[in-house]
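A structural walkthrough
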Amino acid sequence: TPFIAGVAIAAAALAGRYSIQAWQAFKARPPTARMRKFYEGGFQPKMTRREAALILGVRENTAPDKIREAHRRVMIANHPDGGGSHYLASKINEAKDVMLGKTKTTDSAF
């Protein structure tokens, strides 16, 4: 029985050492984003419904009132008067027009 007790103590010590090393490695790893929240850019020459939905953060078959809400939310975050870009504001407006079916005959001003 002393032999079995010694093996059990050694196994517990090795398991404790392994768990401490694993915890330290877990704490030392760099933080990573769990979810991509916004569209990461790279605009196409002519905006598609898929790209417009990604810009606004909605699905392609979303109701018009939800599209307007999403447009307002994204525009508030990127409005030129609040330090945002004129280019991004024009792309956000273009995305709203594409999603609502009000596409213009000309492309973006930029």
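Residues numbered from 1 in each chain as written. Predicted model: local features only at pLDDT ≥ 70, side-chain atom pairs only at ≥ 80, totals over all residues. Heavy atoms only, no water.

1. Examining the overall build of the protein
Spelled out, the test is: Each helix is a run of H or I in the DSSP string that is no shorter than four residues. Each strand is a run of E no shorter than two, and both are numbered from the N terminus. We call a residue buried when its accessible area falls under 20% of the maximum for its residue type, exposed when it is over 50%, and partly exposed in between, using a 1.4 Å probe and counting protein chains only. Two residues qualify as a contact provided that any one of their heavy atoms is within 4.5 Å of a heavy atom in the partner residue. Only the protein chains shown count as covering a residue, and every accessible area follows the Shrake-Rupley method with a 1.4 Å probe.
Within the protein, the regular secondary structure consists of four helices and zero strands. Along the protein, helices (α) and strands (β) appear in the sequence α-α-α-α when read from the amino end. Per-residue burial over the protein gives 20% buried out of 110 residues. A separation threshold of at least 6 residues defines the contact pool for the protein, and within that pool the share at least 24 residues apart is 44%. Here the protein displays about 8,700 Å² of accessible surface, and carbon together with sulfur accounts for 59% of that area.

2. Things to note about the pattern of salt bridges
Convention followed: A pairing counts as a salt bridge when a side-chain nitrogen of Lys or Arg comes within 4 Å of a carboxyl oxygen of Asp or Glu.
Within this structure, the stated rule accounts for one salt bridge. Here Lys 91 ties to Glu 94 by a salt bridge, and the two come within 3.5 Å at their closest N and O atoms. One end of the pair, Lys 91, and the other, Glu 94, are both in helix α4 (residues 86-100), three residues apart, so they sit about a helical turn from each other. When its relative accessible area of 5% is taken as the criterion, Lys 91 is described as buried. The exposure class assigned to Glu 94 is buried, which follows from its relative accessible area of 16%.

3. Some points on the packing of aromatic side chains
Heads up, the condition is: Ring geometry is summarised as follows: Phe, Tyr and Trp rings, the Trp one being its six-membered ring, pair when their centres sit within 6.5 Å, and such pairs are stacked at plane angles under 30 degrees, edge-to-face over 60 and tilted between the two.
All chains considered together, the criterion is met by two aromatic pairs. Residues Phe 43 and Tyr 87 carry aromatic rings whose centres are separated by 5.6 Å and whose planes lie at 70° to one another, so their mutual orientation is edge-to-face. Here Phe 43, found in the loop between α1 (2-28) and α2 (49-56), pairs with Tyr 87, found in helix α4; they are 44 residues apart in sequence, far enough to count as distant.

4. Digging into the nonpolar core
For soluble globular proteins, the rule of thumb is that nonpolar side chains tend to be buried together. Just so we agree on the cut-off: By nonpolar core we mean a set of buried residues, namely Ala, Val, Leu, Ile, Met, Phe, Trp, Tyr and Cys, connected to one another through side-chain atoms within 4.5 Å.
Grouped together as the largest cluster of nonpolar side chains are 16 residues, with contacts concentrated most on Met 47, Ala 52, Leu 56, Val 58, Ile 92, Ala 95 and Met 99. Of all the elements in the fold, those that place two or more residues in this core are α2, α3 (64-78) and α4. For Leu 56, the residues in contact, after removing those within four places along its chain, are Ile 67, Ala 70, His 71, Arg 73, Val 74, Ile 92, Ala 95, Lys 96 and Met 99.

5. A closer look at the packing of α3 against α4
Heads up, the condition is: Every angle, taken between N-to-C directions, lies between 0 and 180 degrees, and every axis is a line fitted to C-alpha atoms, over only the stretch in contact when it is a helix. We call two directions roughly parallel when the angle between them is under 35 degrees, roughly antiparallel when it is over 145, roughly perpendicular when it lies between 65 and 115, and oblique otherwise. Asp, Glu, Lys and Arg are counted as charged, while Ala, Val, Leu, Ile, Met, Phe, Trp, Tyr, Cys and Pro are counted as nonpolar; the rest, among them Gly, fall into the polar class.
Two elements in contact, α3 and α4, have axes whose closest approach is 10 Å; the angle formed by their N-to-C orientations is 180°. Between α3 and α4, the angle falls in the class roughly antiparallel. Across the interface between the two elements, Pro 64, Ile 67, Arg 68, His 71, Val 74, Met 75 and Asn 78 of α3 pack against Leu 88, Ala 89, Ile 92, Asn 93, Lys 96, Met 99 and Leu 100 of α4. Broken down by class, the residue content of the contact of α3 with α4 amounts to nine nonpolar, three polar and two charged.

6. Remarks on the packing of α2 against α4
Operational definition: Helix crossings fall into two classes, left-handed where the near helix is turned counterclockwise from the far one by less than a right angle and right-handed where it is turned clockwise.
Relative to each other, α2 and α4 sit at 125°, their axes nearing to 9 Å. As far as their axial angle goes, α4 and α2 are oblique. Like other packed secondary-structure pairs, α2 and α4 cross with a definite hand, here left-handed. On α4, the residues that touch Arg 49, Ala 52, Ala 53, Ile 55 and Leu 56 of α2 are Ile 92, Ala 95, Lys 96, Val 98 and Met 99. The class makeup of the residues in the contact of α2 with α4 is eight nonpolar, no polar and two charged.

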